[in-house]
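This is what each chain is made of:
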Amino acid sequence: RPSNLFADVAYGADLLIHEATFEDGMEEDAVMKRHSTVGEAIGVAGRMNAGALVLTHFSQRYPKIPPLNEKPRAEDDEVGGKEERKKRIPIAFAFDFMRLAPHTIELAAKLTPALRLLYPGEEE
């Protein structure tokens, strides 16, 4: 489950790797099964001012790339007593046997639309 303490301790990290077993709207299931939603993981990355986010541990019951419901932000905001410029961070979806290097995370994030074509949801 998401942790404010963890976000505080890891504040300013270059990368957050966070599980996101459930898509947004499935918060009750996430709480009951002690997992996180995509939005909760994005929230932790925002609170800790992470440089990038890699999401892992998707449920095999929902074989699709979960939607990203977070809007990019560019306004000034008070975070932890420090004025920070909120920025859109790269968000990549990890898969078995995937390899990432710091310089490839942004590219991996840009591949999300192509991955959605490989793993379409029921509504598509």
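Structural data are supplied above this passage.
Bear in mind the structure is a predicted one, so any value in this text is a computation, not a measurement.

S.K.: I would appreciate a short explanation of the overall build of the chain in the present structure.
M.R.: Scanning the chain for helices and strands turns up five helices and five strands. In the chain, the succession of helices and strands from N to C terminus is α-β-α-α-β-β-β-β-α-α. Considering the chain as a whole, with its 124 residues, one finds that 36% of them fall into the buried category. Contacts in the chain between residues at least 24 apart in sequence constitute 63% of all its contacts with a sequence separation of at least 6.

S.K.: Is there a simple way to explain the pairing of strand S2 (residues 53-56) in this structure?
M.R.: Regular strands have side chains that alternate between both faces of the sheet. Pairing analysis gives four bridges linking strand S1 (residues 16-19) to S2, with the strands arranged parallel. When the bridges of S2 are listed, Glu-19 appears paired with Thr-56. Sheet topology places S2 next to strand S5 (residues 91-93); three bridges connect them, and they run parallel. Across the sheet, the residue bridging to Leu-53 is Ile-91, located in S5.

S.K.: I tried to follow the sheet that holds S5 on my own but got confused; where do I start?
M.R.: The strands making up a sheet are joined through hydrogen bonds of the backbone, oriented either antiparallel or parallel. Pairing is parallel in the open sheet, where three strands are placed in the order S1-S2-S5. Looking along the sheet, the strands with just one partner apiece sit at the ends: S1 and S5. Going from strand to strand, the sheet's axes swing by 25° on average, the running direction of each strand aside. The strands that helix H3 (residues 38-47) touches are S1, S2 and S5; relative to S1, the one it contacts most, it runs at about 155°.

S.K.: So what exactly am I meant to see when it comes to the side chain of Ser-36 here?
M.R.: Its place among the elements puts Ser-36 in the loop between helix H2 (27-32) and H3. In contact with Ser-36, other than residues within four places in its own chain, are Arg-1, Pro-2, His-18, Glu-19, Ala-20, Thr-21, Phe-22 and Ala-30.

S.K.: Honestly, unusual backbone geometry in this entry has me stumped. Any pointers?
M.R.: With the exception of glycine, most residues fall at negative phi, and the peptide bonds are largely trans. Of note in the backbone geometry, Arg-34 takes a positive phi value of approximately 60° without being a glycine. With a relative accessible area of 67%, Arg-34 lands in the exposed category. Positive phi, close to 55°, is recorded for Asn-49, a residue that is not glycine. Note that Asn-49 resides in the loop between H3 and S2.

Cut-offs and rules
Residues numbered from 1 in each chain as written. Predicted model: local features only at pLDDT ≥ 70, side-chain atom pairs only at ≥ 80, totals over all residues. Heavy atoms only, no water. Helix = DSSP H or I, 4+ residues; strand = E, 2+ residues; numbered from the N terminus. Buried < 20%, exposed > 50% of the residue type's maximum accessible area, 1.4 Å probe, protein only. Contact = heavy atoms within 4.5 Å. Pairing = 2+ DSSP bridges. Axes fitted to C-alpha atoms, helices over the stretch in contact; angles between N-to-C directions.

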